[in-house]
Amino acid sequence: MSDFWLAPLHGITVYTFRNCLFRHAHGIKTAVTPFFPIQEKTKLNVRKHADFRIENNLSDIEIIPQLIGSNPDHFVDTVNALNAEFGYTRFNWNVGCPMKQIVRKRRGCGLMPYPQMVDDVVNAVTSKTPFSLSVKMRIGLNSPSESIVLLDRLNAYPLDFVVIHPRLGVQQYDGLPDMKAFSECLNATRHKVIYSGDIQSVDDFIGLKKLFPQVWAWMLGRGILANPFLAEQIERAEAVLPLQPLSELKERFAAFYADLLDSMLAVCGEHRVMANMKELWHYFARFFSLSAGELQNLLRITDFKEFEDKTKQICEK
Ligand SMILES: Cc1cc2nc3c(=O)[nH]c(=O)nc-3n(C[C@H](O)[C@H](O)[C@H](O)COP(=O)(O)O)c2cc1C
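Values in this document were obtained by computation on a predicted structure and should not be read as measured data.

Draft legend 1. Local environment of the site of the ligand. Around the ligand lies a shell of 16 residues, among which Pro 8, His 10, Gln 66, Ser 196 and Asp 198 are the nearest. Contacts to the ligand include Asp 198, whose backbone N or O atom sits 2.7 Å from an oxygen atom. Gly 221 is positioned such that a nitrogen or oxygen atom in its backbone is 3.1 Å from an oxygen atom of the ligand. Considered on its own, the ligand offers 620 Å² of accessible surface; in the complex 90% of this is hidden by protein. Per-class residue counts for the shell around the ligand are 6 nonpolar, 7 polar and 3 charged.

This is the structure in structure tokens:
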């Protein structure tokens, strides 16, 4: 059986979303959180970061905090603080974020052309702390040759695993994943590899698993937003069980959606919830096969009650 992880999606796969997903759908056993910036000891206040709090997360799903930044000492300070406050012992480092303001500061994917900077952080964390570190990266910022150089450096360290999204940073999320470059990454690393990118359906997964049987685990991101039942559908397909009828999945989606709205409203005001929900509806629209026009009509609504009624109607249709 394959192992499915929830991908980090900044501002989306936060604990409210994760908990609802895990309450209403099966198949995911581990989640990497969206990124949190590292900071030096004197400025750290990890308690205020609700996403990492133990009481905010379901106990049966493993949560791995993801950190972003490039200063080795601040990285060590941050993992120590997160361990002391919450007990986390596994951490993931974001070396893949392609946002321009992050890349410009040589963070996220902006680090990929600078293997020595990556080396310095990994060296500090693996030599100065007892914790497990993993790296989430792309195939490069500007060129796939960057990942090969980086993976070769990382082979010198005892990493937990590496997650690879097979696009360049300059591509953002455009164009197709580069499977040739991903295959070269698999050959270049001695670490366990998690694949992340464009698994939208059971068939996408089956095709990828055939191509890359040596992949250790699979991350689901936008695909599981568009279909919360994707991991369990893949599991059923792997076990040669029939898929659940769409009518039943729609009923389960309605329950998931009602729970998600309530959970978000419990911690945020209506305005914020509507903005976050609108972002999610870009993905949910696929589950309900909404046309571009129907989605636009939803996104144009400004009154929360109207938005809530309209979206619930779609779910219950
Ligand atoms: C809106 C959005 C936010 C993302 N935020 C993060 C993040 O915080 N950390 C990270 O490592 N990757 C982040 N990613 C990348 C995803 O984790 C994933 O690697 C990428 O979307 C490809 O996988 P998918 O096609 O399954 O979504 C983000 C992607 C999107 C679209």
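Draft legend 2. Fine view of the nonpolar core. Ranked by internal contacts, the top residues of the largest apolar core, which has 107 residues, are Trp 93, Met 277 and Trp 281. When residues of this core are assigned to domains, at least three map to each of domain 1 (4-238) and domain 2 (246-316).

Draft legend 3. How the structure looks around helix H11 (residues 270-287). Taking 1.5 Å of rise per residue, 18 residues should cover 26 Å, and H11 covers 24 Å from first to last C-alpha, within 8% of that figure. Considering bend angle alone, the principal kink of H11 is centred on Trp 281 and spans about 40 degrees. The set of residues buried in H11 consists of Val 273, Met 274, Asn 276, Met 277, Lys 278, Leu 280, Trp 281, Phe 284, Ala 285 and Phe 287. In this structure, the buried side of H11 is in contact with helix H1 (15-24), helix H8 (222-226), helix H10 (246-267), helix H12 (292-300) and helix H13 (304-316). Note on H11: the residue one or two positions beyond its end, Ser 289, has a positive phi of about 50 degrees.

Draft legend 4. How the structure looks around the state of the cysteines. In total, this model carries 0 disulfides according to the counting rule given. You can see Cys 20 has no disulfide; the closest cysteine sulfur is in Cys 315, sitting 13 Å from it. Judged by its relative accessible area of 0%, Cys 20 falls in the buried class. With no disulfide partner, Cys 109 has as its closest neighbouring cysteine sulfur the one in Cys 97, 8.3 Å distant. Owing to a relative accessible area of 0%, Cys 109 belongs among the buried residues under this scheme.

Draft legend 5. Just the pairing of strand S2 (residues 28-37), in detail. With 8 of 10 residues buried, S2 is to be regarded as a mostly interior element. Considered for its hand, the β-α-β crossover made up of strand S1 (residues 4-6), H1 and S2 is right-handed. By the bridge criterion, 6 bridges tie S2 to strand S3 (residues 62-68) in an arrangement that is parallel. In the sheet register, Pro 37 faces S3, and the bridge partner there is Ile 68.

Draft legend 6. Seen up close, helix H5 (residues 145-154). The set of residues buried in H5 consists of Glu 146, Ser 147, Leu 150, Leu 151 and Leu 154. Down the axis of H5, the sector holding all buried residues measures 125 degrees, keeping them to one side. Tucked inside the fold, the buried residues of H5 contact strand S4 (90-95), helix H4 (115-128), strand S5 (132-140), strand S6 (162-168) and helix H6 (179-188).

What counts and how
- Residues numbered from 1 in each chain as written.
- Predicted model: local features only at pLDDT ≥ 70, side-chain atom pairs only at ≥ 80, totals over all residues.
- Heavy atoms only, no water.
- Near = heavy atom within 4 Å.
- Polar contact = N/O pair within 3.5 Å; in protein donor to acceptor, adjacent residues only side chain to side chain.
- Areas by Shrake-Rupley, 256 points an atom, 1.4 Å probe, with all protein chains shown as cover.
- Nonpolar A, V, L, I, M, F, W, Y, C, P; charged D, E, K, R; others polar.
- Core = buried A, V, L, I, M, F, W, Y, C linked by side-chain atoms within 4.5 Å.
- Buried < 20%, exposed > 50% of the residue type's maximum accessible area, 1.4 Å probe, protein only.
- Domains from an automatic or database assignment.
- Helix = DSSP H or I, 4+ residues; strand = E, 2+ residues; numbered from the N terminus.
- Expected span 1.5 Å × (residues − 1).
- Bend = angle between axes of the 7 residues up to and from the residue.
- Contact = heavy atoms within 4.5 Å.
- Disulfide = S-S within 2.5 Å.
- Right-handed = clockwise from strand over helix to strand, strands pointing away.
- Pairing = 2+ DSSP bridges.
- Arc of directions from axis to C-beta.

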